[in-house]
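Here's the letter readout for the chains.
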Amino acid sequence: MTGIVQGVGFRPHVYSLAVRLGLAGFVANDSGGVTIEVEGERLDEFEGELRAHPPPQALIDGWWSTVLPACDALGFAIHESEPPAEESTPVSPDLATCGECLADLFDPANRRYRYPFLNCTNCGPRFTITRSTPYDRPLTTMGSFRMCQACEREYHDPADRRFHAQPNACPQCGPRLRFEPGGVEGEAALARALAMLAEGGIVAVKGIGGFHLACLANDERAVAELRRRKGRAEKPFALMMRDVDVARRYAHVDAVRWPREQPIVLYPRVHLDLPRLVAPGQANLGIFFPYSPLHRLLIGDEPLVMTSGNRSDEPIARTNGEAQQRLRDLADGFLLHDREIHVVCDDSVLRGGIPVRRSRGFAPMPIRLRGDGPSVLAVGGELKATFCLTRGERAYMSQHIGDMENLETLEAFERCCQQMKALFRVTPDVVACDLHPGYLSTRWAQQCGLPVVRVQHHHAHVAALLTEAEVEGPVIGVAFDGAGYGTDGAIWGGEILLADCAHFERLTHLKYVPLPGGDAGVRRPYRMALAHLRSEGIAWDEDLPCVRSAAVNERRIVERELKAVNTSSVGRLFDAVASLIGLRHVVSYEGQAAMELEAAADAGCEQSYEFTLEDPAPLWRALIADGRRDETAGTMAARFHNGLARATVAACQGRGVRTVALTGGVFQNALLLNRTRQALEAEGFHVLTHHRVPPNDGGIALGQAAAARLANFVRQ
Ligand code: ZN
Ligand code: ZN
Ligand code: FE
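Residues numbered from 1 in each chain as written. Chains lettered and ligands numbered in written order. Predicted model: local features only at pLDDT ≥ 70, side-chain atom pairs only at ≥ 80, totals over all residues. Heavy atoms only, no water.

J.: I would appreciate a short explanation of the coordination of the zinc ion (ligand 2) in the present structure.
T.: Expected angles at a metal are 109.5 degrees for tetrahedral coordination by four donors and either 90 or 180 degrees for octahedral coordination by six donors. Each protein donor to the zinc ion (ligand 2) is listed here as C148 (SG), C151 (SG), C170 (SG) and C173 (SG); together their distances run 2.2 to 2.3 Å. Sequence positions of the donors to the zinc ion (ligand 2) reduce to the motif C-x2-C-x18-C-x2-C. Of this pair, C148 sits in the loop between α3 (99–105) and α4 (149–156) while C170 sits in the loop between α4 and β6 (177–180); the two residues are 22 residues apart in sequence, bridging distant segments of the chain. Each member of the pair C148 and C170 is classed as buried. (Donors = N, O, S within 2.8 Å, 3.2 Å for Na, K, Ca; no water. Helix = DSSP H or I, 4+ residues; strand = E, 2+ residues; numbered from the N terminus. Buried < 20%, exposed > 50% of the residue type's maximum accessible area, 1.4 Å probe, protein only.)

Now the structure itself:
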């Protein structure tokens, strides 16, 4: 059997099934998956039962069986792991604490009562502690801890939940907590951390895939201090809450099925009784639950802000030393432990079932590719970078690396890349990268010594969606995002493509407007609004909010700059609209104006502005007229969303293709996504949306890889 079959309690599961059916033989991990040999009467029953009820965390993607001569085996055994062979086995993602372990954690009679590192075959760290495969204790960062007799007994007892649980540990033999400053250990360390939080302090907490910075969410001063120290003005913080009951006080939480991976999930907020600074201007709150026993011990009735342990723009801290060095000025105290994190893995983020960041709990779960092909290393883009390694029919998408704009993040990328190549034994034949000559990832790809395939940004977005949806195409790819380098040197971002994984043709796009100079054009949406108005020959009248936001001499600068480079970006269109209606003129993080425009939109409003992608002028005239009529921002924002959905449908019509793929970071906007999907389906289109990789640039590595597998290149 191949797939996610190691580290998920597979062998114990097979063992008990075989014993129950009176079969002899063995089960063994190898680096290709799991091998089972069974001998006896009830073989069909065995196979049927295993297929119907595999272990809950397992994902079997291959199953081969053959008949062997009987060898009169006695009893059933679990064999020790074989040395690694040629094939590679997926490593399980990290698993959130299971219910039985939680019960142990709070049972005073249990020997693991309040032990922050307990786990079993159904839960615990996996990917982040694995140095090499097969997944076996000596090859994990638990290799340095020697099991005590009691743990050893569980580990070897096929009837025990901890049978062959590689990270098995207890207070006698396993990892320990330590608090700095002071160096106190165990329960005392935890008490120090809790006291510091209660006093409004900021604590760096070592978790599963890296460090968090934590403070009480209801302590306004602590939250403000965390923002100041981290250099993060307004980008929303995630909140860890004890359970669904606590979460319900703050958001419309749908408790029916919380993803078992325990990502951060964005939910519409209900009460506004949290300090404004937790998530300014947001209609949603990012909520997650304690996914490790340590988190569970740390959290009480009140939510904690838990944000990645880094300064903005830097990668998340991994080792104790690194954290104490780099987070020195950010944290008042450090809750550390001595289980080493080998692989860094940030928290994942989900919104309405759509991945916004695919990382802990999901990576490195493979995504199936069509047919065999060369091994590709796809290096992704720049913002929200991830990379992708392919081998045979599997694509391994990396965890979230960060915005690849500085050396530290490039180093983190190189480290993760080495780790994944080693873990899955991939030797890439070819490297795929973006067309943008200025991306660090592109430059890295060009000097890495492999043949290079450059994939256009929006083609990569569409190819990523086709790959995860297992659709061959061609489809109409609607790729709306902030920025991507076009084949004509312009900045694309409002693209209607006819595409399959190998090729694309640009059918149409949002009308080009000049992009106001450099970064300032992105950080100051009012400049974008001015550009749109000028491009349509609409006067910069003093009464328009976007005009008022620009000082007279700045208007002259914008004017002068409006010649350089064209853009068809829909992300920038959102910026311009947000400014024109007076909602947001300056942003402190990518996508802020668009998120606030979505949050402002009156969801009950069905009216729309009539315009097309090729001719957006009527949009501007209608917005200005509505503004002068003192129409509410909520109505204008809704009419814009609805109008853009209709313009998108119009752009897809008459192309002779009935499947539409909606991708690009703009489609994290649930209102736009839903309106566009409904409008397309009403016209009889089949609509594809993202479910496994993010629609934003965190997903493009998959598309780059899919395109490069089909490209012509010279093998070295
Ligand atoms: Zn467990
Ligand atoms: Zn022990
Ligand atoms: Fe993009």
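Resuming the write-up.
J.: Help me out: how do you make sense of the pairing of strand β5 (residues 76–79) in this one?
T.: Remark: a regular strand shows side chains that alternate across the two faces of the sheet. Side chains F76 and I78 project from β5 onto a buried face, and the interleaved A77 and H79 project onto a face without burial. Inspection of the sheet shows strand β2 (residues 24–30) paired to β5 by four bridges, in the parallel sense. Within β5, the residue paired with A28 across the bridge is H79. (Pairing = 2+ DSSP bridges.)

J.: Help me out: how do you make sense of the sheet that holds strand β16 (residues 354–357) in this one?
T.: Note: strands within a sheet are paired through backbone hydrogen bonds, in either parallel or antiparallel orientation. One open sheet holds the eleven strands; their spatial order is β7-β6-β14-β8-β9-β13-β10-β12-β11-β15-β16, and the pairing between them is mixed. Each edge of the open sheet is held by one strand with a lone partner, namely β7 (184–185) and β16. Pairing geometry for strand β15 (residues 349–351) and β16, over three bridges, is antiparallel. Across the sheet, R351 pairs through a bridge with I354, a residue of β16. Lying over the sheet, helix α5 (residues 186–198) contacts β6, β7, β8 (203–206), β9 (211–216), β13 (304–308) and β14 (333–337), oriented at roughly 45 degrees with respect to β6. (Contact = heavy atoms within 4.5 Å. Axes fitted to C-alpha atoms, helices over the stretch in contact; angles between N-to-C directions.)

J.: What should I look at first to understand helix α16 (residues 552–561) in this one?
T.: Owing to its 3.6 residues per turn, the α-helix brings residues three or four apart onto one side. Within the span of α16, buried status applies to E554, R555 and V558. Each buried residue of α16 lies within a common arc of 105 degrees when the element is viewed along its axis, so the set occupies one face. Those residues of α16 that are exposed and aimed more than 90 degrees away from the buried face are R556 and R560. On its buried face, α16 is in contact with α14 (525–535) and α15 (545–548). (Arc of directions from axis to C-beta.)

By themselves, these are just geometric observations and shouldn't be taken as functional.
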